[in-house]
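# Summary of the model geometry
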Amino acid sequence: MNTQRVLVTAASKHGATHEIADALARRMQEHPEAVPAELVAASVPVERGPDPRTYDAVVLGSAVYAGSWREEARHFATEHAATLRQRPVWLFSSGPIGDPPFPPDEPHDVAALTHLIGARGHRILPGRLEKNRLTFPERAMVTAMRAPVGDFRDWGLVRVWADAIVAALVGEVVPTTPRADRGPAGADARRDSGYGVQEHGRQAT
Ligand SMILES: Cc1cc2nc3c(=O)[nH]c(=O)nc-3n(C[C@H](O)[C@H](O)[C@H](O)COP(=O)(O)O)c2cc1C
């Protein structure tokens, strides 16, 4: 059996989304099916320019600012669209804060990116907004908007979604990326945390 490598990569400004990506990869790696299925998940910040050709599946996320994904995540999706279309891909947004989540709308770019790379699903995951981490203009903006402040990340939801992705991958006959196309093993995986697998027919959304 060939190792199936899962890249979890996300764009973050103040760190909350990178921590979600790390937790997703870690949970995938801890999944009971990961070892028997030889699934490996690595969390690599999208700002470091991971190469999706060296992975068999990708989870791509971004923090949301003013209704949009961060430029680095959009750039990753468009630059690697051809590669991503050939792999199972899931998207997530770290944005809304508060209870109920504010703002409730899906980020503007997600529908177009989903279409562009043929993503299997998009998950909105609550984020973190702590004033002491913000720039002065950001602080002024969130004060004016009366945005809720705090860490609203739902680690239970993160774990459930990671499990759903692994479940979707396990049993799926994912054509293994030809070794020649992979580049040096582990080139992007210096912050490796997890492993994941998938199955056609079952979808994690
Ligand atoms: C100035 C500002 C604008 C924001 N705009 C949005 C938005 O339009 N939609 C949304 O869902 N979240 C918005 N947020 C919340 C952030 O996306 C959320 O705090 C996120 O978890 C931050 O991730 P990061 O720490 O990885 O940058 C905004 C936060 C700030 C500070």
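Right, let's get into the nonpolar core. Membership of the largest hydrophobic core comes to 48 residues, with the highest contact counts inside it found for Val6, Leu24 and Met28. Every element with two or more residues in this core is listed here: strand E1 (4-11), helix H1 (16-30), strand E2 (39-43), strand E3 (57-65), helix H2 (71-79), strand E5 (89-94), helix H4 (110-117) and helix H6 (155-169).

A few words on the site of the ligand. Neighbouring residues of the ligand: 23 residues in total, closest Ser12, Thr17, Ala63, Gly95 and Gly127. When contributions to the shell around the ligand are tallied by element, the ones reaching two or more residues are H1, E3, strand E7 (128-129) and helix H5 (136-145). Residues of the shell around the ligand, tallied by class, amount to 12 nonpolar, eight polar and three charged.

A few words now on the environment of Gly98. Checked against the element boundaries, Gly98 lands in the loop between E5 and H4. Along the chain, Gly98 and Val149 lie 51 residues apart, while their C-alpha atoms are 7.2 Å from each other. Beyond its immediate sequence surroundings of up to four residues, Gly98 is in contact with Pro148 and Phe152.

About the thresholds
- Residues numbered from 1 in each chain as written.
- Predicted model: local features only at pLDDT ≥ 70, side-chain atom pairs only at ≥ 80, totals over all residues.
- Core = buried A, V, L, I, M, F, W, Y, C linked by C-beta atoms within 7 Å.
- Buried ≥ 20, exposed ≤ 12 C-beta atoms within 10 Å, placed from the backbone.
- Helix = DSSP H or I, 4+ residues; strand = E, 2+ residues; numbered from the N terminus.
- Near = placed C-beta within 6 Å.
- Nonpolar A, V, L, I, M, F, W, Y, C, P; charged D, E, K, R; others polar.
- Contact = placed C-beta atoms within 7 Å.

Scope: geometric values only; no functional claims are made or implied.
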